[in-house]
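Working through the structure, step by step
The lines below spell out each chain.
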Amino acid sequence: MDLTHSAADEAFRGRLRAWLRTTLPKLAPRPSPDDWPGRRAYDTAWQRMLYDAGYAELHQDASPTRRLIFLEETELAGAPYVGANFVGLLHAGPTIAAEGTPEQRQRWLGPILRGDEIWCQGFSEPDAGSDLASLRTRAVRDGDSYVVSGTKIWTSHAEVADWCELLVRTDPTAPRHRGISWLAMPMDAPGVTVRPLRTLAGSTEFAEMFLDEVRVPVANRVGAEHDGWRVTMVTLSFERGTAFVGEVVACRRTLGELAALARANGRWDDPALRRRLGGLRAEFLALWRLIQSNVSEAQASSSGVPGVGGSVFKLRYSHARQELYEAAADVLGPEALDLDHAWTLDRLSSLSYTIAAGTSQIQRNIVAERVLGLPKALKGGG
């Protein structure tokens, strides 16, 4: 396992830094968080700039190491994140690149990388969140189409999406994990209804989605029919293995800002707080090394797909992020109640991290079974 960077990697880092220095000052102001059309336009314009400069392929075709450098440097520079198209760039796109046919890769990867099309994720359902394999949205084959009916919830960025990575049950008689298929569904298809959901922080980046006999071409299925669970594991491997890289860099920067604020407002005199911040510094450094290890492992594999180490990372990162923003509230004092403060909103958002992208309980089960080799838990807790 090699965690060092080659001379070519460092040369790439230098070119990227120079481009960011000259490009970022030219960006327009960020739109209001509630202005979804504006956010879509801003995020896709940034993606187009990356594409025109030759950096868009870092989301798909480059080595995991180059992608890691790209995410690290853009976050350190304060560049826009993938924003409204994080599902397309970090989940659906990599899955199509790994599992799609040549025709599917040609159809969807270019528009994703150019910022022409936005994707959302249609995985969870009201009764199938952590237990995703219990999903009940049905797709019935009718000639060259599937007729899809059901309900999805926590559908990320459905309000601006052109496509949805959708999990459906294509064989209700098969065992839970074997009757599922992964479809690319056009969001403008008749029968799709989107209802925004307001989060604890007041944002509406999630939605509930109702599907009433929506016709999806069979050609939009990624992977074999009924093999969608395996394809989904590829999607979740990218989500847990590499999608949080930029956030770890942001957390490390926030930690430095917290220490500076504590020195300025007198909280630094508290030895318990200093130990707390020091422990978090070590925690996020260890998480960064774990990312490098996971990326190195993915680069060495034939598929390039992150392995089970992504679950180890996701489990610890979710809790570390919550601990970071609890420490931020301690440093802020009464200001931590101000909903206009970015750290307050981040603190509220952090509460979802032990649920999103697979609950901590699910990650513990994966680590227990696939890393430690322990037997699966018996049904009913026996």
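Just so it is clear, the structure is predicted and the values come from calculations on it, not from any experiment.

Moving on to the overall build of the protein chain. A count of helical and extended segments in the protein chain gives 11 helices and 8 strands. Summarising the internal contacts of the protein chain: among those between residues at least 6 apart in sequence, 72% fall at separations of at least 24. Per element, the accessible surface of the protein chain, about 17600 Å² overall, is 54% carbon and sulfur.

Most of strand 5 (residues 180-186) is tucked away, with 7 of its 7 residues classed as buried. Both faces of strand 5 are covered, namely the face carrying Ile-180, Trp-182, Ala-184 and Pro-186 and the face carrying Ser-181, Leu-183 and Met-185. Inspection of the sheet shows strand 4 (residues 163-169) paired to strand 5 by 7 bridges, in the antiparallel sense. What sits directly across from Cys-164, in strand 5, is Met-185. Here 2 bridges tie strand 5 to strand 8 (residues 221-222), and the two strands are oriented antiparallel to one another. Across the sheet, the residue bridging to Leu-183 is Arg-221, located in strand 8.

The next point concerns the packing of helix 2 (residues 36-53) against helix 5 (residues 102-114). At their nearest, the axes of helix 2 and helix 5 sit 7 Å apart, and the two run at 105° to each other. Classified by the interaxial angle, the pair formed by helix 2 and helix 5 is roughly perpendicular. Side by side, helix 2 and helix 5 meet where Thr-44, Gln-47, Arg-48 and Tyr-51 of the first sit next to Ile-112, Leu-113 and Arg-114 of the second.

The full count for this structure, using the stated rule, is 24 salt bridges. Between Arg-316 and Glu-283 there is a salt bridge, with its nearest N and O atoms 2.6 Å apart. Residue Arg-316 is located in helix 9 (residues 309-332), and its partner Glu-283 is located in helix 8 (residues 271-300); the two are separated by 33 residues in the primary sequence.

Bringing the packing of helix 4 (residues 86-99) against helix 5 into the picture now. Look at helix 4 against helix 5: their axes get within 10 Å of each other, and the N-to-C directions meet at 160°. Here helix 4 is positioned roughly antiparallel relative to helix 5, judged by the angle of their axes. Read as a crossing pair, helix 4 and helix 5 show a hand that is left-handed. Residues Gly-88, Leu-89, Gly-93, Ile-96 and Ala-97 of helix 4 form the contact with helix 5, whose participating residues are Gln-104, Arg-105, Trp-108, Leu-109, Ile-112 and Leu-113. Its residues assigned to classes, the contact of helix 4 with helix 5 comprises 7 nonpolar, 3 polar and 1 charged.

So, about unusual backbone geometry. At Trp-154, a position not held by glycine, the phi torsion is positive, near 55°. Along the chain, Trp-154 turns up in the loop between strand 3 (145-152) and strand 4. The exposure class of Trp-154 is partly exposed, given its relative accessible area of 47%. Residues other than glycine seldom take positive phi values, yet Glu-213 does so here, at roughly 55°. Locating Glu-213 in the fold gives a position in strand 7 (residues 206-217).

Procedures and definitions
- Residues numbered from 1 in each chain as written.
- Predicted model: local features only at pLDDT ≥ 70, side-chain atom pairs only at ≥ 80, totals over all residues.
- Heavy atoms only, no water.
- Helix = DSSP H or I, 4+ residues; strand = E, 2+ residues; numbered from the N terminus.
- Contact = heavy atoms within 4.5 Å.
- Areas by Shrake-Rupley, 256 points an atom, 1.4 Å probe, with all protein chains shown as cover.
- Buried < 20%, exposed > 50% of the residue type's maximum accessible area, 1.4 Å probe, protein only.
- Pairing = 2+ DSSP bridges.
- Axes fitted to C-alpha atoms, helices over the stretch in contact; angles between N-to-C directions.
- Parallel < 35°, antiparallel > 145°, perpendicular 65-115°, else oblique.
- Salt bridge = Lys/Arg side-chain N within 4 Å of Asp/Glu carboxyl O.
- Left-handed = near helix turned anticlockwise from the far one by under 90°.
- Nonpolar A, V, L, I, M, F, W, Y, C, P; charged D, E, K, R; others polar.

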